[in-house]
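Architecture and fold: a report
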Amino acid sequence: MQAIKELSAIVGDPISYARKLKEQSGKKIIGYMCTYAPEEIIQAAGAHPLRLFGSNKNIFLADGHLQAYCCSLVRGVLEDALSGDLNFLDGMIFPHTCDTVQRLSDIWRLNISYGFHLDVVLPVKLDTKSSRDYMVDVQNRFRNDLEKALQVTITDDDIKKSIALYNEIRGGLKKVYELKNKNPEVISGKDLSALVRAAMIMDRNDYLRILLNVIAELETKGSTIKSTGKRRLIISGGICSQPDIYSVIENAGGVVVGDDLCTGSRYFEGSIKTAGNPIAAIAERYWQRPVCPAKHLDKNARAENLIKIAQDGKAAGVIFMLLKFCDPHAFDYPYLKESLAAVSIPSLLLEVEDQPQAQGQLQTRIEAFLETLS
Amino acid sequence: MAEKDPAKEKRKIKSVKKMKDIMTNYYIDAKMAEQNGKKVAWITSGGPVEPLIAMDVIPIYPENHGAMIGASKMGIDLCQKAEVMGYSSDLCSYARSDISCATVNGGPIGGLPKPDMLVCCNNICGTVLKWYEVQARYFNVPLFILDTPFCHTQFLPEARKYVHRQIEEYIVFLENACKKKMDHDRMKEVGRLSVEGQRLWQAVLDTAMNKPAPLSAFDAFFHLALIVTLRGTKQAVDYYEGLLAEMRERIADNIGAVENEKYRLLWDNLPVWYRTKWLSDKFAAADTCLVADTYTSAWCGTLKYIDENNFIESMAEAYTRIYLNIGVDEMARDVVSMIDKYSADGLVMHSNRSCKPYSFGQLDIQRIVREKRGLPSLMIEADMVDERFFSESQIETRIDAFMEVVKERKSCTR
Ligand code: SF4
Ligand code: SF4
C-alpha cells in the first residue's frame with residue numbers, strides 16, 4: 001500500500017519528520033511520551049504534539065543521570081534530549097504516570113535548557129468523584145499554562161475543533177482494527193503498527209487524510225482477500241517498540257488481530273463528547289478509555305478489558321510484550337495471565353529490551369507457543 | 001564465652017531492648033486481633049496512620065515487615081517465590097517478598113495477620129499502588145487509595161483541594177469498614193501525640209549533630225520502627241522520650257556511636273537491611289560514623305506543615321509534601337542542608353534497584369552536592385532486601401577507595 005509506505009518512512013525517523021514540519025509550517029512542536037498527554041489541547045493551541053519513543057542508539061549521556069535499571073524507553077528519550085537531537089522542541093510536557101517518568105521530568109527540568117517544561121500531575125485513581133473534579137482542574141491548568149508558554153489564547157471553539165479531529169482519527173483507527181479483526185489478511189501487522197504510531201507523530205490533519213484513504217482502500221480490498229486461517233493472537237503490554245514482532249509472528253504462522261498497548265488500542269479507544277464544556281469532555285474520556293497500569297480503576301479492570309479484547313478477536317492466545325524494568329506492567333502480568341488462564345486463554349511472556357533482539361530466538365519461542373495452542 | 005569488651009558494652013544503646021519488646025508485643029497483639037474483635041489495616045509507610053489509631057484499628061506495615069525479612073536474610077527465598085508466581089525480579093523487593101509471604105505465611109514472624117482493609121498512599125511511589133491492588137485481589141478486602149499529587153516544584157491549590165476531599169473520604173471509608181463513627185476528640189488527641197512523637201524523633205536524630213554522634217544512621221534505622229508503626233500513640237511518645245534522654249546522657253558522657261569518630265558521613269536511600277551490621281562495622285573500622293540519613297528523617301520532615309491544633313486539615317499538606325513526593329532539586333536542597341546541619345564530610349548513596357523514585361535522580365543530587373559543597377560521594381549499587389544484588393568484594397573496594405578520598409580531603413582542609 002503506497003500510503004503506508006510513506007508512513008513507514010516517517011515512523012522510522014520521526015525526528016527528521018518533525019524538524020521538517022517545523023521548518024515548513026512554522027508550528028511549535030511539543031514533545032510528550034504517554035497516551036495520557038492532553039494532545040487535544042496542544043492541537044487546539046495551534047502547536048504540534050509529538051510523541052517521543054526514544055532511539056535505539058547507545059546510551060552514553062543518559063548514563064550520567066539514570067542508572068542501568070531504568071527502562072530503555074526513558075533512557076533512550078533522555079539520551080536523545082541530552083545529545084541535542086530534540087533541540088527543535090519548543091516544549092515538553094510530562095503527564096504523571098509511572099515513577100520513572102516522574103523522575104525523568106525532574107531530570108529533564110534540571111538538565112535540558114531548550115523548550116518550556118510542563119508537568120501535568122494527573123490523578124492516579126480514576127474511580128471517584130473527587131478525582132474526576134481534580135482531573136478537570138488539571139486540564140484547565142494545563143490549558144492556562146500552555147497559553148502562557150505559547151503566548152496564545154485557546155478558545156473553547158479551538159478545542160472543539162480539535163476534539164472533532166481527534167474523534168475522527170480515533171474512530172478511524174478503530175475502524176481499521178475492526179477490518180483487521182474481520183479479515184486479518186487485509187493489512188499486515190507491521191503496517192497497522194506504523195499506521196497507529198504515525199497518528200502520534202504526523203501533522204494530525206495530514207494524517208487524517210491518509211487514514212481515510214487507507215480505510216477506503218482496505219474496505220474495497222477486504223471483500224476480495226481470502227482469510228488464511230492463521231492463529232489469531234492479541235498483544236498486550238506498554239509501547240510496542242519492536243515493529244518486527246509482527247512479521248516474526250506472521251512468519252511463525254500467527255496473526256495479530258488486536259492489542260492492549262499504548263501504541264495501540266489504549267491510544268484510540270473512547271471518543272470525546274462534543275456537547276458541553278470541552279475541557280470536561282476531554283477529562284471525561286480518560287474515564288472511558290481502557291486504563292493504563294500506572295492508573296487505578298477497578299482492581300480487575302485491566303483483566304476484564306483484556307479478556308474482552310481477546311474474546312472479541314476470537315483469539316487463540318495472548319502475547320505479553322513487556323519492556324524490561326517497566327514496573328506497572330510487570331506488576332499486572334501475573335494477574336492478567338491468571339485471569340486469561342481462568343477463561344482458557346493461553347499466553348506467552350516476552351520480556352524485551354529496546355534493542356532489537358535476535359529474531360531467530362523470538363521466532364522459535366513464538367512458534368513453540370503457537371504449537372501449544374489447540 | 002569470651003569476655004565482653006567493656007568499651008563496646010558502654011557504647012550499646014540500652015533502649016534497644018525496650019524497642020524489641022514493644023515491637024514483639026505489637027505483633028502479638030496484631031496477630032490476636034481477630035480473637036480480640038479488633039480490625040487490622042495494612043497501610044503504606046508514608047500513609048496517614050492517625051485516623052486508624054483513632055478508630056482503634058491495628059495498623060500493619062508490610063514495608064516494616066519487608067525490612068524484617070531483609071534483616072533476617074530471608075529475602076532471597078521470598079523474592080524467588082514471587083518470581084515463580086510471575087513477578088519480575090526487577091520489581092521492588094519489599095513488594096515481592098510481601099506478596100509471596102502472604103501466600104505461604106513465611107518470613108521471620110510466620111506471616112502478617114490478614115487485613116480487614118488496605119490503605120495505600122502513593123506519596124512514596126507508584127509501586128505501592130500496584131502492590132496494594134495485588135493484595136486487594138488476594139485478600140478480597142476494601143482498598144482505600146489516598147492519591148497525593150506529586151509536587152515537582154509546588155503543591156498546587158487544586159491538589160490541596162483534592163487531597164482534602166480524599167481525607168474526608170478516608171474517614172468515611174473507615175467509618176464504613178468499622179461500622180462506627182469517628183470520635184473527633186480522640187482524633188485530635190491522636191494528632192497531638194503524632195506531632196509530639198515526630199518532634200521527639202527529630203530531636204533524637206538531632207543529637208547526632210554532636211561530635212561524636214551518640215547514634216548513627218544504622219541505629220536510627222532500627223529505632224525508626226515506632227515512629228512508623230505506632231505514630232500517634234502514647235507508647236511511641238514515651239519510648240522516644242526515653243531514647244532522647246539516653247542520647248543526651250551519652251552526649252554528657254562523651255559516648256559516641258563509633259569509638260574514635262573522625263569522619264562523618266550522610267547516608268541516602270533505604271538501608272541495605274541484610275548488611276547493616278557489616279556496613280556499620282566497615283565504616284566504624286575507618287573511624288567513620290554515618291551520622292544522619294535522608295530515610296529516617298522522612299518521618300518527621302514535614303513537621304513544618306503540620307498544625308497540631310488542626311491536625312486533620314494540615315495533614316493533607318504534610319502527607320503530600322514528604323521527601324519522596326518532591327522534585328529532585330528540592331531533595332538536593334534537603335541533602336545539602338543536612339550535610340551542613342550534621343557537619344558531614346561526604347555522602348554515601350545507596351543506589352537501590354528496588355526503589356526507582358528514590359534512586360533515579362541520585363546522580364543529579366550527587367552532582368549538586370559536589371557543586372554546592374565540594375564534597376565527595378560514594379554510590380553503592382545494591383538492593384534493600386534481595387541479597388543477590390549485593391557484591392561484597394566490589395562494595396568493599398569502593399568503600400576503601402572512597403574513605404581514602406575523604407581522609408585526604410579532610411587533612412587538606414584542616
Ligand atoms: S510505564 Fe514502563 S515503559 Fe513506560 S516509562 Fe514507565 S517504566 Fe518505562
Ligand atoms: S522501597 Fe521504594 S518502590 Fe518499594 S515500596 Fe518503598 S518507596 Fe515504594
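In case you missed it, the structure is sitting above this.
The paragraphs below set out a description of the structure included in this document. No experiment lies behind these values; they were computed from the predicted model shown. (Residues numbered from 1 in each chain as written. Chains lettered and ligands numbered in written order. Predicted model: local features only at pLDDT ≥ 70, side-chain atom pairs only at ≥ 80, totals over all residues. Heavy atoms only, no water.)

Turning our eyes to something else, we now look at the overall build of chain B. What chain B contains, in helices and strands, is 18 helices and 8 strands. Here the C-alpha radius of gyration of chain B, 21 Å, is about what a compact globule of 414 residues would show, namely 22 Å. Taking the principal axes of the C-alpha coordinates as reference, chain B spans close to 65 × 45 × 45 Å. Counting only residues that meet the buried cut, chain B has 63% of its 414 residues in that class. The contacts of chain B with a sequence gap of at least 6 include a subset with a gap of at least 24, amounting to 80%. Put simply, chain B shows about 15,800 Å² of open surface, and 51% of that area lies on carbon and sulfur atoms. Within chain B, one finds 54 positive and 57 negative side-chain charges whose respective centroids are separated by 1 Å. (Helix = DSSP H or I, 4+ residues; strand = E, 2+ residues; numbered from the N terminus. Rg over C-alpha atoms; globule rule 2.2 N^0.38 Å. Buried < 20%, exposed > 50% of the residue type's maximum accessible area, 1.4 Å probe, protein only. Contact = heavy atoms within 4.5 Å. Areas by Shrake-Rupley, 256 points an atom, 1.4 Å probe, with all protein chains shown as cover. Lys, Arg positive; Asp, Glu negative; His and termini not counted. Charge placed at Lys NZ, Arg CZ, Asp CG, Glu CD.)

Residues and elements named next belong to chain A. Near ligand 1, the surroundings consist of Cys71, Leu73, Val74, Cys98, Thr100, Val101, Leu323 and Cys326. Contributions of two or more residues to the shell around ligand 1 are made by helix H4 (72–82) and helix H5 (99–111). Broken down by class, the residue content of the shell around ligand 1 amounts to 7 nonpolar, 1 polar and no charged. (Near = heavy atom within 4 Å. Nonpolar A, V, L, I, M, F, W, Y, C, P; charged D, E, K, R; others polar.)

Right, let's talk about the packing of helix H8 (residues 189–198) of chain A against helix H9 (residues 204–222) of chain A for a bit. Residues and elements named next belong to chain A. Running from amino to carboxyl end, H8 crosses H9 at an angle of 150°, the nearest separation of the two axes being 11 Å. Here H8 lies roughly antiparallel to H9, going by the angle between them. H9 is crossed by H8, and the crossing has left-handed handedness. Taking contact as the criterion, the partners of Leu195, Val196 and Ala198 in H8 are, on H9, Tyr207, Leu211 and Val214. Each residue belonging to the contact of H8 with H9 can be placed in one class, and the counts come to 6 nonpolar, no polar and no charged. (Axes fitted to C-alpha atoms, helices over the stretch in contact; angles between N-to-C directions. Parallel < 35°, antiparallel > 145°, perpendicular 65-115°, else oblique. Left-handed = near helix turned anticlockwise from the far one by under 90°.)

Listed by partner, the interface residues are 57 residues for chain B and 47 residues for chain A. Note on chain B versus chain A: buried area summed over both sides is about 4,500 Å², and carbon and sulfur give 56% of it. Three residues, B:Arg137, B:His152 and B:Phe360, lead the burial of chain B against chain A; their summed loss comes to 17% of the area buried on that side. Applying the counting rule to chain B against chain A returns 7 salt bridges. (Buried area = accessible area lost by both parts, 1.4 Å probe. Salt bridge = Lys/Arg side-chain N within 4 Å of Asp/Glu carboxyl O.)

Residues and elements named next belong to chain B. As for its placement among the helices and strands, Arg96 is situated in helix H6 (residues 93–104). Since its relative accessible area comes to 1%, Arg96 is described here as buried. Counting along the chain gives 87 residues from Arg96 to Glu9, while the straight-line C-alpha distance between them is 37 Å. In this view, Arg96 contacts Leu78, Cys79, Ala82, Glu83, Tyr87, Ser88, Ser89, Leu91, Asp383, Asp386 and Arg388; residues no more than four positions away in its chain are not counted. In this structure the side chain of Arg96 is engaged in a polar contact, spanning 3.0 Å, whose partner is the side chain of Asp386. (Polar contact = N/O pair within 3.5 Å; in protein donor to acceptor, adjacent residues only side chain to side chain.)

Moving on, we get to empty space enclosed by the protein. A complete count under the given rule lists 10 cavities of 30 Å³ or more for this structure. Volume-wise, the largest cavity comes out at about 440 Å³. Lining the largest cavity are 34 residues; nearest its centre among them are B:Ser45, B:Gly46, B:Ile124, B:Trp299 and B:Ile322. Broken down by secondary-structure element, the contributors of at least two residues to the lining of the largest cavity are helix H7 (127–139), helix H14 (311–320) and helix H16 (356–359) of chain B. Size it by volume and the second largest cavity reaches roughly 370 Å³. For the second largest cavity, the lining is made up of 25 residues, of which A:Leu73, A:Cys98, A:Cys262, A:Cys326 and A:His329 are closest to its centre. Residue assignment for the lining of the second largest cavity shows that the elements contributing at least two residues are H4, H5 and helix H14 (327–342) of chain A. No other element matches the 3 residues that H14(A) contributes to the lining of the second largest cavity. Tallied by class, residues from the lining of the second largest cavity come to 17 nonpolar, 5 polar and 3 charged. (1 Å grid on protein atoms, 1.4 Å probe; cavity = no way out; pocket = protein on both sides within 12 Å on 5 of 7 lines; lining within 4 Å. Points joined across faces, edges and corners; volume = space filled by probe spheres on them.)

Residue and element names in this part refer to chain A. The buried count for H4 comes to 10 of 11 residues, which makes it a mostly enclosed element. Buried residues of H4: Ser72, Leu73, Val74, Arg75, Gly76, Val77, Leu78, Glu79, Asp80 and Ala81, and no others. At the C-terminal side of H4, Gly84 shows a positive phi close to 90°.

It is worth spelling out the sheet that holds strand S7 (residues 346–352) of chain B at this point. Residue and element names in this part refer to chain B. Read from one edge of the open sheet, 4 strands run S6-S5-S7-S8, paired in parallel fashion. Each edge of the open sheet carries a strand with a single partner, namely strand S6 (288–293) and strand S8 (377–382). With direction set aside, neighbouring strand axes in the sheet form an average angle of 30°. The pairing of S7 with S8 spans 6 bridges and is parallel. Bridged to Val348 within S8 is Leu378. Across the sheet, helix H13 (residues 276–285) is in contact with strand S5 (263–268), S6, S7 and S8; its angle to S6 comes to roughly 125°. Strands in contact with helix H17 (residues 362–373) are S5, S7 and S8; relative to S7, the strand with the most contacts, it is inclined by about 170°. (Pairing = 2+ DSSP bridges.)

Here we come to the layout of surface pockets. Over the atoms rolls a probe the size of a water molecule, and its path tells where empty space is left. Residues and elements named next belong to chain A. Its boundaries defined by the atoms lining it, the second largest pocket holds a volume of some 570 Å³. Forming the boundary of the second largest pocket are 27 residues, of which Val11, Gly12, Asp13, Pro14 and Arg197 lie nearest the centre. Put simply, the parts of the chain that give the lining of the second largest pocket at least two residues each are helix H1 (2–12), helix H2 (14–25), strand S2 (48–51) and H8. Ranked by the residues each element gives to the lining of the second largest pocket, the list is headed by H8, at 5 residues.

Residues and elements named next belong to chain A. Sheet architecture is open: 4 strands sit in the order S2-S1-S3-S4, paired in parallel fashion. One side of each edge strand has no neighbouring strand; the edge strands of this open sheet are S2 and strand S4 (116–120). Sheet twist, expressed as the mean angle between neighbouring strand axes with direction ignored, is 25°.

The description of two helices packed together rests on the angle between their axes and the distance between the axes. All names here are of chain B. Close contact between helix H15 (residues 328–341) and H17 brings their axes to 9 Å; oriented N to C, the two are set at 45°. If you check the angle between H15 and H17, you find them oblique. Both H15 and H17 take part in a crossing whose hand is right-handed. Here Val328, Met331, Ala332, Val335, Val336, Ile339 and Asp340 of H15 come into contact with H17, specifically with Asp364, Ile365, Ile368, Val369, Lys372 and Arg373. Of the residues assigned to the contact of H15 with H17, the class counts are 9 nonpolar, no polar and 4 charged.

Quick look at the environment of B:Arg186 now. Residues and elements named next belong to chain B. If you trace the backbone, Arg186 turns up in helix H9 (residues 184–206). If sequence neighbours within four positions are ignored, Arg186 has contacts with Ile53, Ala54 and Asp56. Among the polar contacts listed, one links the side chain of Arg186 to the backbone oxygen of Ile53, at a separation of 3.2 Å.

As enumerated under the stated definition, the model contains 24 aromatic pairs over all chains in all. With a centroid separation of 5.5 Å and an interplanar angle of 25°, the aromatic rings of A:Tyr69 and B:Phe360 are classed as stacked. With A:Tyr69 in the loop between S2 and H4 and B:Phe360 in the loop between H16 and H17, the pair connects residues from two separate chains. Residue B:Phe360 is classed as buried on the basis of its relative accessible area, which comes to 1%. Here the aromatic rings of B:Tyr295 and B:Trp299 are separated by 5.3 Å at their centres, their planes lie at 85°, and the arrangement is edge-to-face. Classification of B:Tyr295 as buried rests on a relative accessible area of 9%. One aromatic cluster in this structure is built from B:Phe218, B:Phe221, B:Trp267, B:Trp273, B:Tyr295 and B:Trp299. For A:Arg170, the ring lying beneath its charged end belongs to A:Tyr267, and the centroid distance is 5.8 Å. Note that B:Arg275 overlies the ring of B:Trp278, its terminal NZ or CZ placed 5.4 Å from the centroid. (Phe/Tyr/Trp six-rings, centres within 6.5 Å; stacked < 30°, edge-to-face > 60°. Lys NZ or Arg CZ within 6 Å of the ring centre and 35° of its normal.)

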